Each structure stands twice: as C-alpha cells, then as structure tokens.
Amino acid sequence: MGKTSLQTSFFLLFMIWHCSYSLSSSSRQGNRCDKKTLINVNTVCQSCTVSKEVDCLAGYLKKTQGIGNRDCRYILTMQNFSLSLPGCSHVCAKEFLDPHCCPGYWGSDCMECPGGAATPCSNRGNCSEGVAGNGTCSCSAGFGGTACERCAEENVYGSDCNSVCECLHGLCNSGITGDGKCTCFSGYRGPKCDQPIRECAALECPDKARCIEDAVSGKLVCKCLPDHEADGKNCKSINPCLKQVCHQNANCAHLGPNQHQCTCHEGYQGDGQVCMPVDPCQISFGNCPPDSSVCIYDGPGKSHCQCKEGFENLVPGIGCSLTDICKTNNPCSKNANCSTIDPGTTE
C-alpha cells in the first residue's frame, strides 16, 4: 500500500474517531459575508511508534509534533486474544469556508436584490436572499412590480397604495407618488368630475381639446385633453418615452397618448421599471456539469464554464477530465502502481 493510500485510510478512521468545530466571525468581501469554520480532527489511535509516521490528509495542518498526544488506547489483536494498549494520536486542523451572502444579496454569485441591497424590494416586501435564494420579491399587500416599486392596482394612490381614486368622468393622479387629484374630461367639473357643464356645447373646442372651468377665473375655456399637451394653438399626444420613464437598461415603446411600454434589454429581466442582470450561473449552473466544472459569471446574461481544481480539458456539455497526477507528480514508490482516484488523491 502506497503512502497516499495509507494517509487516506488513517483520515477516514480519524474522521470517525473525533471531530470538533469552532466558528469564527464572518468576513465581508463586497457582497459576500462568508463564514469560516475551523475543524479539528484526531487521527486514529495507534502505537506511538507508528503514530510518528502518520501525516494529516492534504489540506489539513498537523497541530501536534513528534508522536502526538498520549491520550488514547488502541486494540492489538493477536491470534485468539486482544490487548488494550496505551497509544498516541495527532490533532489535524482545517479551515472550511461556509458561503453566505450579505443581507440584500442572493444566489451562488450573491447578486443584488431588486431595489438595491440597501433597500431590497423598495422596503415594501421581502427578497428571497441568501445563497439558496432566487432574488424574487414577495411584495406586501397592495404593492407590485419586480422591486415592489408600484401599486398593485391601477385605481389607487398614495405611499401605502390604499386610497381609492374617485374620478367619475376624468383621470386620477394614481400610483405611489399620486395624490388622487382628478383631471376632468370635456364638459365635466368638480373634485370628482361628476358635475356636467352644459354650456360647453357652445364653446366648440377643437380636436384633442376639452371644455373645462378655469380654476382661477371661473370661465369656461378649451384645454388639451388628458394625456395631451399644447403645441402652439393645437394639442398633441404626450410621448412619455421622451422622458426617463423606463429603467436605464430598458427600451421604451410609445403606444398612444401618454402610454408606453418598458422592456428590459437582452441579458436583463424585470418589468421594465426595474431591470436586474440575468446570471446564467444561477440557473442550472449555467449548463456546466457540476461534478467537474464551475460556472463563472461574466456579466448580464453571460457566463462560461471552468474546470474545478484537479480537473482539466473542458468539453462543453460533458465536463472536465480528472487530472492524472500520477503522470506529473507520482507520490508512489517506484515499485508500486499509481492510480488517480479523486482530485489530488492517488492509491
């Protein structure tokens, strides 16, 4: 049996024999708040003479010197009887990284939650955050949108989206930033646009204009229709796309008078008001075979596969091949056969 195989056997035994854990404080790097866990393991109890030759498995640091600690007993079996003898063991330690996202981030790459990490889901809902999260917002009652940035219903207004518009013949200033004020259609007046103005017929307002009562003079005047604006003596349709009404990573399409549609750019997802970058690595590992490769995020909608440590020669859709360290760094005796059984492990 080669030295590496001997080490592996000892390691399996001492993992069963004894483990102790101690958790250190979290370390923050950008959007990651990974936690480090220190694991101490004891090698299996052996004769103190044999214990001198026992090494920790690769990646573990031996904390004891020489023969180790005289703190155990081992069983020596000889023909028809067994003896319990005092022996020695070593303490081996390794620090493991437990991946965690900082608050406001989600997924294996710790992407930012909709609405931003400082105000996830616009503080109007809960983000599915953490390494196991999917970054979607569960909005509080009354709110909707990718980042809970708008009212769920069209005919409500106010910061809490629970005030109902009361415009009978007019348009309501609705939404989270709205105040519920009514803009009356032609021939109506009053706070709720429910009072007809019969005298408007004689005014003969032009196309795309309406007859209303001037708030200052009280006289009947012709004003542009809602969703229209003055263009000299005429009225024209308001094109909201001329203003910044969509997310910076979205296209705006003018659909009609003061109507538009926002569509996120390729590589982004959302409702157009909020567009979040798509990370292919968060979906089926970016189609990278997880046993031998990892997915690397390259930017919105882009990623590539990379071989894990101990693997090489990536084949798309299939994965990577196990690196044969027997060819480059044979740890076995010249009189022994070497086989690579796992990444960095031979027998």
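Secondary structure summary: the protein chain contains 3 helices and 33 strands in total. Scaling as 2.2 N^0.38, a compact globule of 347 residues should have a C-alpha radius of gyration of about 20 Å, whereas the protein chain reaches 35 Å, well beyond that. Its C-alpha atoms put the protein chain at 120 × 40 × 30 Å along the principal axes. Residue burial in the protein chain is summarised as follows: out of 347 residues, 33% are buried. Taking contacts inside the protein chain between residues at least 6 apart in sequence as the whole, the part at least 24 apart equals 35%. Of the roughly 21,200 Å² that the protein chain leaves accessible, carbon and sulfur atoms contribute 50%.

Once that is clear, we can look at the confidence of the model for the protein chain. Chain-level pLDDT for the protein chain is 87 on average; 92% of the residues reach the 70-or-more range. Taken as a whole, residues 1-19 scores under 50 in pLDDT and shows 33 contacts with residues more than four places along the chain or in a different chain.

With that settled, consider the nonpolar core. Residues Trp106, Met111, Cys113, Cys121, Cys127, Cys137, Phe143, Cys148, Cys151, Val156, Cys161 and Ile176 constitute the largest nonpolar core, which totals 12 residues. Setting aside residues no more than four positions away along its own chain, Phe143 makes contact with Arg124, Cys148, Arg150, Cys151, Ala152, Ser159, Asp160, Cys161 and Ile176. Counting residues in each nonpolar core, the second largest holds 7 residues, with Cys172, Cys182, Cys184 and Cys193 among its members.

Summarising the element assignment, Thr64 is placed in the loop between strand E4 (61-62) and strand E5 (69-78). Among the polar contacts made by the side chain of Thr64, one reaches the side chain of His90 at a distance of 2.8 Å. In terms of polar contacts, Thr64 uses its side chain to reach the backbone amide nitrogen of Val91, at 3.2 Å.

Moving on to the pattern of salt bridges. Under the counting rule described, the total for this entry stands at 4 salt bridges. Of the charged contacts in the structure, one is a salt bridge between Asp55 and Lys62, with a shortest N-O distance of 3.7 Å. A residue is classified by how much of its surface remains accessible, and Asp55, at 26% relative accessible area, is partly exposed. Given a relative accessible area of 25%, Lys62 falls into the partly exposed group. Between Arg189 and Glu213 there is a salt bridge, with the nearest N and O atoms lying 2.7 Å from each other. Of the two residues, Arg189 sits in strand E18 (residues 188-189) while Glu213 sits in strand E20 (residues 209-213), which places them 24 residues apart along the sequence. Relative accessible area serves as the criterion here: at 27%, Arg189 is assigned to the partly exposed category. For Glu213, a relative accessible area of 36% corresponds to the partly exposed category.

On to unusual backbone geometry. Phi at Gln79 is positive, roughly 50°, even though this residue is not glycine. For Gln79, a relative accessible area of 77% puts it in the exposed group. Positive phi, close to 55°, is recorded for Ser122, a residue that is not glycine. Tracing the backbone through its elements, the reader meets Ser122 in the loop between strand E9 (111-112) and strand E10 (125-127).

Take a nonpolar patch on the surface next. Together, Leu76, Met78, Phe81 and Leu83 make up an exposed nonpolar region whose accessible area comes to about 330 Å². Of all elements in the fold, only E5 and strand E6 (81-89) reach the threshold of two or more residues within the nonpolar patch. Assignment of secondary structure puts Leu83 in strand E6.

Time to look at the pairing of E20. In terms of burial, E20 is largely enclosed, as 4 of its 5 residues are buried. With 5 bridges connecting them, E20 and strand E21 (residues 220-224) associate as antiparallel partners. What sits directly across from Arg210, in E21, is Lys223. The antiparallel hairpin formed by E20 and E21 contains 6 residues in its connecting segment, where Gly218 sits at a positive phi of about 80°.

Rules used in this analysis
- Residues numbered from 1 in each chain as written.
- Predicted model: local features only at pLDDT ≥ 70, side-chain atom pairs only at ≥ 80, totals over all residues.
- Heavy atoms only, no water.
- Helix = DSSP H or I, 4+ residues; strand = E, 2+ residues; numbered from the N terminus.
- Rg over C-alpha atoms; globule rule 2.2 N^0.38 Å.
- Buried < 20%, exposed > 50% of the residue type's maximum accessible area, 1.4 Å probe, protein only.
- Contact = heavy atoms within 4.5 Å.
- Areas by Shrake-Rupley, 256 points an atom, 1.4 Å probe, with all protein chains shown as cover.
- pLDDT = per-residue confidence, 0-100.
- Core = buried A, V, L, I, M, F, W, Y, C linked by side-chain atoms within 4.5 Å.
- Polar contact = N/O pair within 3.5 Å; in protein donor to acceptor, adjacent residues only side chain to side chain.
- Salt bridge = Lys/Arg side-chain N within 4 Å of Asp/Glu carboxyl O.
- Patch = residues over 30% accessible without salt bridge, like charges linked within 9 Å, V, L, I, M, F, W, Y side chains within 5 Å.
- Pairing = 2+ DSSP bridges.

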